[in-house]
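Coordinate inspection notes
Each chain is listed here by its residues.
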Amino acid sequence: MSLLSVIIINRGDYDKTLISLDAQNFDDMDILIANVNELGGDAINNCIFEAAGQYIIFLDSGVTLEPDVLSSAVNAAVSHNLDIYLCPNEDIKISTTFFFDDTEVLTGNHDSFILSGLLDNCINIYKKNLISNLRFAYGSSSEYLIFNIHAVDKARSVGYDPRPFWKGDIYQGYEGYRNYHHNLFTEEYLRIIEILARDHMISDERIGYYKNRRMNEFITQLDQYIDSPLSLEEALYEIFALSGDIKELFEACGAENLLEEKVLFTCHALIISHQNEDAGVMNFALKGIEEIYKAGYVPKSSIEPGIVANMVIDYLNPSNIGVFAYQAIMNEKEAV
């Protein structure tokens, strides 16, 4: 049996990850490759089952380890008999080393683990018997976080050293436009809240954290539409429909202006980059946005408020006739 099993979550080229492992001067490990492009969560879960190590660490193919960190981290996990050794990158700002082996103390520190971002990655060292019955929900926006919430809930001892352990892009291979699975992201947000409530881990601070996380996630995802392969009509439709679906969350947080400003900015950038392209059933949005942006450089008397009003009404009510017409068009395309 090895002391450590390294599971590389292969989303693409992992040569740099292997090179950083070779440079660790740590020989008591076996390496398994989870080809997630083929099998998703099953590939990762199979590797957990097959791992020969007493401890397991997950490394994404976009990650490299800092020099000579693996040996000291594993030794700390062994010497303190830790269930989880949390491994930060340079973005984590908790500056104090800790080793908790008291259930009450651990429960009292759940907030610091979650709110610090320490649980947003799986680049931690786990005792295999702690996670052997956990399952990885690959393909979700919160795959690491959900896994770690369950792991921390089961753990009886957790350690942490603030020295940066890793660097890189854990979402390597996801660059550029990809279909944004809005419902999946929302379901995961609700699932996290459900898990916290079920395990009596819920608090106003945590709820606020996850609300902000979901909103920021959505705002960031809107950027993908500017360089997407979608037509102007398709992109405007998706932005309006998805924004209409999530606007209640922004309103509840008093952040509706943030959403509206981002939607206007994104749509305006789209219109500029698709000059002279017909927006089809989304022309009401195109014209309304153009009128709003006119306000910055033409007399107010030349603005047509009716055009803006029509856009706002349709934005607030995604079930308008334009959306139905658009869906009919898309159904026809799929049938061809």
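Located above this text is the structure these notes cover.
Just so it is clear, the structure is predicted and the values come from calculations on it, not from any experiment.

Describing the overall build of the chain
Tallying secondary structure elements over the chain gives 15 helices and 9 strands in all. For the chain, buried positions account for 50% of its 336 residues. Long-range contacts, defined here as pairs at least 24 residues apart, represent 80% of the contacts in the chain between residues at least 6 apart.

Considering the pairing of strand β3 (residues 55-60)
Most of β3 sits inside the fold, with 6 of its 6 residues counted as buried. Alternating residues of β3 divide into Tyr55, Ile57 and Leu59 and Ile56, Phe58 and Asp60, and every residue in both groups is buried. Two elements, β3 and strand β7 (residues 125-127), share 3 bridges in a ladder whose sense is antiparallel. By the bridge assignment for β7, Ile56 is matched with Tyr126.

Focus on the pattern of salt bridges
Side chains that differ in sign of charge can pair as their charged atoms come close. Inspection of the entire model under this criterion finds 5 salt bridges. The salt bridge involving Asp83 is made with Lys127; its shortest N-O contact spans 3.8 Å. Here the residue Asp83 occupies a position in the loop between α4 (70-79) and β5 (84-86), and Lys127 occupies one in strand β7, the gap between them amounting to 44 residues. Just as Asp83 is buried, Lys127 falls in that class too.

Side note on the side chain of Gln24
Along the chain, the position of Gln24 falls in the loop between α1 (15-22) and β2 (29-35). Here Val69 takes part through its backbone nitrogen, which lies 2.9 Å from a polar atom of the side chain of Gln24. Within the structure, the side chain of Gln24 is placed 3.0 Å from the backbone nitrogen of Leu70, a separation counted as a polar contact. For Gln24, the contacting residues outside a window of four places in its chain are Leu65, Glu66, Pro67, Asp68, Val69 and Leu70.

Section: the sheet that holds strand β1 (residues 4-10)
Within the open sheet, the 7 strands sit side by side as β2-β1-β3-β7-β5-β8-β6. Their pairing is mixed. In this open sheet, the two strands that pair with only one neighbour each are β2 and β6 (98-100). Between one strand axis and the next, the sheet turns by 20° as a mean value, whatever way the strands run. Bridge analysis of β5 against strand β8 (residues 158-160) gives 3 bridges, and the strand direction is parallel. Bridge pairing in β8 links Ile84 to Val158.

Section: the packing of aromatic side chains
Throughout the structure, instances matching the rule amount to 12 aromatic pairs. Plain terms: the ring middles of Tyr209 and Tyr210 are 4.8 Å apart, the flat faces sit at 80° to each other, and that makes the pair edge-to-face. Neither Tyr209 nor Tyr210 differs from the other in exposure class; each is buried. Measuring from centroid to centroid gives 6.3 Å for Phe218 and Phe250, while their planes differ by 65°, and the two rings are edge-to-face. With a gap of 32 residues between them, Phe218 in helix α10 (residues 204-222) and Phe250 in helix α11 (residues 232-252) connect regions that are remote in the sequence. The class for Phe250 is buried, based on a relative accessible area of 0%.

Points about the nonpolar core
In terms of nonpolar packing, the biggest core is built from 76 residues, with Phe58, Ile84, Leu86, Phe113, Ile131, Phe147 and Tyr210 touching the most fellow members. Tallying contributions element by element places α11 first for this core, with 11 residues. In this view, Phe58 contacts Ile7, Ile9, Ile44, Ile48, Cys122, Ile123, Asn124, Tyr126, Ile131 and Phe147; residues no more than four positions away in its chain are not counted. Grouped together as the second largest cluster of nonpolar side chains are 25 residues, Leu4, Tyr55, Ala73 and Phe165 included.

What about the packing of α10 against helix α12 (residues 256-273)?
In contact at an axis separation of 10 Å, α10 and α12 are set at 10° when each is read in the N-to-C sense. One way to sum up the angle between α10 and α12 is to call them roughly parallel. Residues Phe218, Ile219 and Leu222 of α10 form the contact with α12, whose participating residues are Leu258, Leu259, Lys262, Val263 and Thr266. Its residues assigned to classes, the contact of α10 with α12 shows 6 nonpolar, 1 polar and 1 charged.

Digging into the packing of α10 against α11
Running from N to C, α10 and α11 point in directions that differ by 160°, and their axes come no closer than 11 Å. As summarised for this structure, α10 and α11 are arranged roughly antiparallel, according to the angle between their axes. Read as a crossing pair, α10 and α11 show a hand that is left-handed. Every residue of α11 that contacts α10 at Lys211, Arg214, Met215, Phe218, Ile219 and Leu222 is listed here: Ile239, Leu242, Ser243, Ile246, Leu249 and Phe250. Residue classes in the contact of α10 with α11 are distributed as 9 nonpolar, 1 polar and 2 charged.

Conventions and cut-offs
Residues numbered from 1 in each chain as written. Predicted model: local features only at pLDDT ≥ 70, side-chain atom pairs only at ≥ 80, totals over all residues. Heavy atoms only, no water. Helix = DSSP H or I, 4+ residues; strand = E, 2+ residues; numbered from the N terminus. Buried < 20%, exposed > 50% of the residue type's maximum accessible area, 1.4 Å probe, protein only. Contact = heavy atoms within 4.5 Å. Pairing = 2+ DSSP bridges. Salt bridge = Lys/Arg side-chain N within 4 Å of Asp/Glu carboxyl O. Polar contact = N/O pair within 3.5 Å; in protein donor to acceptor, adjacent residues only side chain to side chain. Axes fitted to C-alpha atoms, helices over the stretch in contact; angles between N-to-C directions. Phe/Tyr/Trp six-rings, centres within 6.5 Å; stacked < 30°, edge-to-face > 60°. Core = buried A, V, L, I, M, F, W, Y, C linked by side-chain atoms within 4.5 Å. Parallel < 35°, antiparallel > 145°, perpendicular 65-115°, else oblique. Nonpolar A, V, L, I, M, F, W, Y, C, P; charged D, E, K, R; others polar. Left-handed = near helix turned anticlockwise from the far one by under 90°.

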